[in-house]
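Each chain, letter by letter, is given below.
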Amino acid sequence: MQRREFLLTSAALATGAVWPAGRSMAAFNPSPEHGWRMFEVTLRVEVLKPEGATRVWLPLPSMQEKDWIRSMGSLWQGNAAHARLLRNPDYGAEMLYAEWEAGEKPVLEVTSRIATRDRAIDLTRPGQAAPLSRADRRLYTRATTLLPTDGIVRQTALDITRGARSDEARARAIYEWVVDNTFRNPKTRGCGLGDIRTMLITGDLSGKCADLNALYVGLARAAGLPARDVYGIRVADSRFGYRSLGKSGDISKAQHCRAEVWLSEYGWVPVDPADVRKVVLEEPPGGLVLTDDKVIDVRKRLFGSWEMNWLAYNTAHDLPLPGSRKLTVPFLMYPQGETAAGLLDSLDPASFSYRITSQEITAQS
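Everything numeric in this text was worked out from a predicted model, so none of it was measured.

1. Quick look at the overall build of the chain
So, step 1. Each helix and strand in the chain was counted, giving 8 helices and 21 strands.
So, step 2. Taking the principal axes of the C-alpha coordinates as reference, the chain spans close to 65 × 50 × 45 Å.
So, step 3. The 365 residues of the chain split such that 55% are buried.
So, step 4. When contacts within the chain are restricted to residue pairs at least 6 apart in sequence, those whose partners lie at least 24 apart make up 74%.
So, step 5. Accessible surface, the chain: about 15,900 Å² in total, of which carbon and sulfur atoms supply 49%.

Following this line, the structure appears as structure tokens:
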């Protein structure tokens, strides 16, 4: 087994309060005052039926935001003939790429450490954020394959925001519209695909986070607001007792994407209408209504705040996988792999054979 190290960094972090297991449900109130937490996330991949050459691409924590997430480095080990860190030049999305020759049984494990802190924007106190660069404004307002900004998307955005007199009002109107008009579909595979034009044309506004939050992002861009999906995975239970908004231990199927919108008075503002709809569907006893106190609580907070029991990988769309047979994925949130027989099913950890685990650690670990 080979062992190599890359992206090794260090950071002095304040540790947050310890929240005991079984704490009774509290008001959903993410706040930076809860302090920093550190997590170790391990992704282990085995390709059980390799055919010919095998390649895999594993997403790595790529976002460094001083106020809410810090990547503290990753280590990998395995029997790959070649493995290296790759970084997409447009979005900065990082991945571990590895390849094996025919006849090998691929095994690869990567362990990453991150530090996170809850986000909460005080929307009652507008200020003046540092301007968004021209390059980023172009990047986060442009159309992508699954996020067009013309046609029915543009018209829907204009209808939703008609009468809104500020960017914040437009951003909030789109958020409220997505919450009111979509629903979470438990039969959707994985986190969904995010084909927002088809959603609007068919009127089927159902799906999971990659659909509902992509709809928010696409409508915001069509309304002239820079916006982006942030792709990641849940790494811990919710400190506020919401069973639907957290996952610890085996997190192989806990992928979750969120959204951000740029407002000049605040900078990037976190939003997550998809999680409001997840609470409606899944929070016990299930099938809640929008007027339930639990739903009202998260709906109010998920425009402007995130609980950071969650790892952010990247914000990339239409991402080429270097070394593949001209393969481009809509987003990189799941492990990806291919053999001579074709693409492995990244939404089926059992057949692809990967497992992702997380644990919270202390500064001394």
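2. Side note on the packing of aromatic side chains
So, step 1. The tally for this structure, following the rule as stated, stands at 11 aromatic pairs.
So, step 2. Seen in terms of ring centroids, tryptophan 262 and tryptophan 268 are 5.5 Å apart; in terms of plane orientation they differ by 80°. Their pairing is edge-to-face. As far as burial versus exposure is concerned, tryptophan 262 and tryptophan 268 are alike and both buried.
So, step 3. Taken together, the ring pairs connect Tyr91, Tyr140, Trp262 and Trp268 into an aromatic cluster.
So, step 4. The ring of tyrosine 140 has arginine 228 lying over it, and the distance from NZ or CZ to the ring centre is 5.1 Å.
So, step 5. Cation over ring: arginine 228 sits above tryptophan 268, and NZ or CZ is 4.0 Å from the ring centre.

3. A word on the pattern of salt bridges
So, step 1. Overall, the coordinates contain 23 salt bridges when judged by the stated rule.
So, step 2. In this structure, arginine 299 engages aspartate 180 in a salt bridge whose closest nitrogen and oxygen atoms are separated by 2.9 Å. Placement of arginine 299 in helix 7 (residues 293-301) and of aspartate 180 in helix 3 (residues 167-181) is noted, with a sequence separation of 119 residues between them.
So, step 3. In this structure aspartate 180 comes out as partly exposed when scored by relative accessible area, which is 42%.

4. Observations concerning the sheet that holds strand 3 (residues 54-59)
By definition, the strands of a sheet pair up through backbone hydrogen bonds, in either a parallel or an antiparallel sense.
So, step 1. Read from one edge of the open sheet, 5 strands run 5-6-3-19-20, paired in antiparallel fashion. Pairing within the sheet leaves two strands with one partner each, and these edge strands are strand 5 (82-87) and strand 20 (342-343).
So, step 2. In the sheet, strand 3 pairs with strand 19 (residues 336-339) via 3 bridges, with the strands oriented antiparallel. In the sheet register, tryptophan 57 faces strand 19, and the bridge partner there is glutamine 336.

5. As for the environment of alanine 312
So, step 1. In this structure, alanine 312 sits in strand 16 (residues 310-314).
So, step 2. In sequence terms alanine 312 and isoleucine 233 are 79 residues apart; their C-alpha atoms lie 6.8 Å from each other.
So, step 3. Apart from the residues within four sequence positions on either side, alanine 312 is in contact with Pro61, Ser62, Met63, Trp68, Ile69, Val230, Tyr231 and Gly232.

6. A look at the state of the cysteines
Cysteine pairs can be covalently joined through their sulfur atoms, and such a bond is termed a disulfide.
So, step 1. This structure, assessed with the given rule, holds 0 disulfides.
So, step 2. The thiol sulfur of cysteine 191 is not disulfide-bonded, and the nearest other cysteine sulfur, from cysteine 209, lies at 3.5 Å.
So, step 3. For cysteine 209, a relative accessible area of 3% gives the class buried.

7. Examining the confidence of the model for the chain
So, step 1. On average, residues of the chain carry a pLDDT of 91, and 92% of them reach 70 or more.
So, step 2. Note on residues 1-24: pLDDT is under 50 here. Beyond four places in sequence and across chains, it has 44 contacts.

Rules behind the numbers
- Residues numbered from 1 in each chain as written.
- Predicted model: local features only at pLDDT ≥ 70, side-chain atom pairs only at ≥ 80, totals over all residues.
- Heavy atoms only, no water.
- Helix = DSSP H or I, 4+ residues; strand = E, 2+ residues; numbered from the N terminus.
- Buried < 20%, exposed > 50% of the residue type's maximum accessible area, 1.4 Å probe, protein only.
- Contact = heavy atoms within 4.5 Å.
- Areas by Shrake-Rupley, 256 points an atom, 1.4 Å probe, with all protein chains shown as cover.
- Phe/Tyr/Trp six-rings, centres within 6.5 Å; stacked < 30°, edge-to-face > 60°.
- Lys NZ or Arg CZ within 6 Å of the ring centre and 35° of its normal.
- Salt bridge = Lys/Arg side-chain N within 4 Å of Asp/Glu carboxyl O.
- Pairing = 2+ DSSP bridges.
- Disulfide = S-S within 2.5 Å.
- pLDDT = per-residue confidence, 0-100.

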